[in-house]
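# Per-entry structural report
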Amino acid sequence: MKKGAGRYIFCYIALFLLLLFLCGASLFLGSVSYSPRDVSDVLFGGVRGNAAADIILSIRLPRTLAAAVLGGGLAVSGYLLQTYFANPIAGPFVLGISSGAKLTVAMAMIFFLQRGIPLSSGGLILSSFAGSMLSMGFILAVSARVRKSSMLVVCGVMIGYICSGLTDFAVTFADDSNIVNLHSWSLGSFSGIDMGDAAAFSPVILASLAAAFLMSKQINAYRMGEAYARNSGVNIKAFRLGLILISSLLSASVTAFAGPVSFVGIAVPHLIKKLFGNGDPKLIIPASFLGGAVFCLLCDLPARLLFAPAELSISSVTALAGAPVVIGIMARRKNAENE
């Protein structure tokens, strides 16, 4: 057996079991709680036409799928960005990519809703992807001129503030009641997502995850340095373009449906690497997906239960859970530089 295989298997099993437990808790618990048998009867017994079936199938099941799939995608996006920039605190939220996507989605929705045209799930993803790529383009331009990773992060944060300010301005002064409802989305939330949305973003997220996993060998070589990767036969330009497209598509899919969700893309990959004691992409990419799903499901429960029927934004809870991890990363990095 390969060295460490027992630990890896244990970690995967633990993450999977925790994911199942949290999915169950997300379906059982709410302002109205249901027993496991009630949920089982609705999901597998064909029970329909009552309040429990409507709540579980129309509200809780799509929300659970959204938190799991979108949270996993966001964590993988963060891992890819950290690899690309060789920066431990790079992530879609910190670099302003999520905020750029939020701005273009809000503008697209306002434009179409004011004309009485609903924006499709595909339209949401495309508009969000456009914003992600615009922000990513700016970050790449800055990274070519700025050598210090701290300055890159500062520039990303400034992009985020600018985009968030423009989005808030547009949403605040919108007249249509449907547009005003964008306010909760702009803060980050898994509420309001239906099964049609889940059917739209799940294939995109899973296909992006598969593409990232297929690049594992190249990612591993790139982690050893650009020169090493080039000598190993990696086409650096094509590889970088692939990382940019996959990470942007993942973060765009999340932002399109859940708004900006903070710190997941930074904290989860580091927690997973620490848990596994290994940075091999073949292990970390699928594990980051599971970890992101667990993290977001775990944060979504208090977001909707603590002050039910009112809800906290998901970013408020993920920030409380993820920010200490980021602070720890920065503190360890500073100590390593001083030694």
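Figured I'd write up the structure that's included with this text. (Residues numbered from 1 in each chain as written. Predicted model: local features only at pLDDT ≥ 70, side-chain atom pairs only at ≥ 80, totals over all residues. Heavy atoms only, no water.)

When helices and strands are counted, the protein chain shows 15 helices and zero strands. In terms of overall size, the protein chain behaves like a compact globule, its C-alpha atoms giving a radius of gyration of 20 Å where 339 residues would be expected to give roughly 20 Å. In terms of overall dimensions, the protein chain has C-alpha extents of about 60 × 55 × 35 Å along its principal axes. Burial analysis of the protein chain (339 residues in total) assigns 50% to the buried set. Of the contacts made within the protein chain by residues no fewer than 6 positions apart, 77% connect residues no fewer than 24 positions apart. Surface accessibility of the protein chain: about 16,000 Å² in total, with carbon and sulfur atoms responsible for 67%. Computed over 24 positive and 14 negative side-chain charges, the inter-centroid distance for the protein chain is 16 Å. (Helix = DSSP H or I, 4+ residues; strand = E, 2+ residues; numbered from the N terminus. Rg over C-alpha atoms; globule rule 2.2 N^0.38 Å. Buried < 20%, exposed > 50% of the residue type's maximum accessible area, 1.4 Å probe, protein only. Contact = heavy atoms within 4.5 Å. Areas by Shrake-Rupley, 256 points an atom, 1.4 Å probe, with all protein chains shown as cover. Lys, Arg positive; Asp, Glu negative; His and termini not counted. Charge placed at Lys NZ, Arg CZ, Asp CG, Glu CD.)

As a further point, take the packing of helix α3 (residues 51-85) against helix α5 (residues 121-145). One way to put it is that α3 packs onto α5 with a least axis distance of 12 Å and a crossing angle of 25°. As the angle between them shows, α3 and α5 are arranged roughly parallel. At the point where α3 passes α5, the crossing takes the right-handed sense. In this structure, α3 uses L81, Y84 and F85 to contact α5, whose residues at the interface are M136, I139, L140 and S143. (Axes fitted to C-alpha atoms, helices over the stretch in contact; angles between N-to-C directions. Parallel < 35°, antiparallel > 145°, perpendicular 65-115°, else oblique. Left-handed = near helix turned anticlockwise from the far one by under 90°.)

We now examine the environment of F257. As for its placement among the helices and strands, F257 is situated in helix α12 (residues 236-258). For F257, a relative accessible area of 6% translates into the label buried. In this structure the C-alpha to C-alpha distance between F257 and W185, which are 72 residues apart in sequence, comes to 8.0 Å.

This next bit is on the pattern of salt bridges. Side chains bearing opposite charge may pair, as long as their charged atoms lie close to each other. Counting across every chain of the model gives five salt bridges. Notably, a salt bridge pairs D300 with R63, separated by 2.9 Å at the nearest N-O pair. Of this pair, D300 sits in helix α14 (residues 281-305) while R63 sits in helix α3, and the two are 237 residues apart along the sequence. Per residue, the accessibility class of D300 equals that of R63, and both read buried. Taken together, the shared-partner salt bridges connect R63, D300, R304 and E311 into one network. (Salt bridge = Lys/Arg side-chain N within 4 Å of Asp/Glu carboxyl O.)

Take the side chain of S189 next. By the element assignment, S189 lies in the loop between α8 (182-187) and α9 (195-214). Here the side chain of S189 touches S191 through a polar contact of 2.8 Å, side chain to side chain. (Polar contact = N/O pair within 3.5 Å; in protein donor to acceptor, adjacent residues only side chain to side chain.)

Okay, the nonpolar core next. Core analysis: the largest hydrophobic core is formed by 79 residues, its most contacted members being L70, L80 and F85. Examining the composition of this core, we find that 14 residues originate from one element, α14, more than from any other. If near-sequence neighbours (up to four positions away) are discounted, L80 is found in contact with A212, I219, L243, I246, S247 and L250. (Core = buried A, V, L, I, M, F, W, Y, C linked by side-chain atoms within 4.5 Å.)

Moving on to the packing of aromatic side chains. Under the defined criterion, the tally for this structure stands at seven aromatic pairs. Centre to centre, the rings of Y84 and F85 are 4.9 Å apart; their planes meet at 70°, and the pair counts as edge-to-face. Judged by centre distance (6.4 Å) and plane angle (35°), the ring pair of F93 and F263 falls under tilted. On the criterion of sequence distance, the pair formed by F93 in the loop between α3 and α4 (97-113) and F263 in the loop between α12 and α13 (264-276) is long-range, its members being 170 residues apart. The structure contains a cluster of three or more aromatic residues connected by ring pairs, namely Y8, Y12 and F276. Sitting over the face of the ring of Y84, R240 holds its NZ or CZ atom 5.9 Å from the ring centroid. (Phe/Tyr/Trp six-rings, centres within 6.5 Å; stacked < 30°, edge-to-face > 60°. Lys NZ or Arg CZ within 6 Å of the ring centre and 35° of its normal.)

As a further point, take the state of the cysteines. Simply put, disulfide is the name for a covalent bond between the sulfur atoms of two cysteines. Summed over the entire model, instances satisfying the criterion amount to zero disulfides. In this model C163 remains outside any disulfide bridge; the closest cysteine sulfur is found in C155, 13 Å from its own. Owing to a relative accessible area of 11%, C163 belongs among the buried residues under this scheme. Counting only cysteine sulfurs, C296 is the nearest neighbor of C299, a cysteine outside any disulfide, at a range of 6.5 Å. Judged by relative accessible area, which is 5%, C299 ranks as buried. (Disulfide = S-S within 2.5 Å.)

Taking 1.5 Å as the rise per residue, α9 with 20 residues should run 28 Å; its terminal C-alpha atoms sit 28 Å apart, in good agreement. Where α9 bends most, at F201, the angle is about 25°, and the proline P203 comes one to four residues later. Those residues of α9 not exposed but buried are D197, A198, F201, S202, I205, S208, L209 and A212. The elements touched by buried residues of α9 are α3, α5, α10 (216-223), α12 and α14. Put simply, D194 is the residue that caps the front of α9, since its side-chain oxygen is 3.0 Å from the backbone nitrogen of G196. (Expected span 1.5 Å × (residues − 1). Bend = angle between axes of the 7 residues up to and from the residue.)

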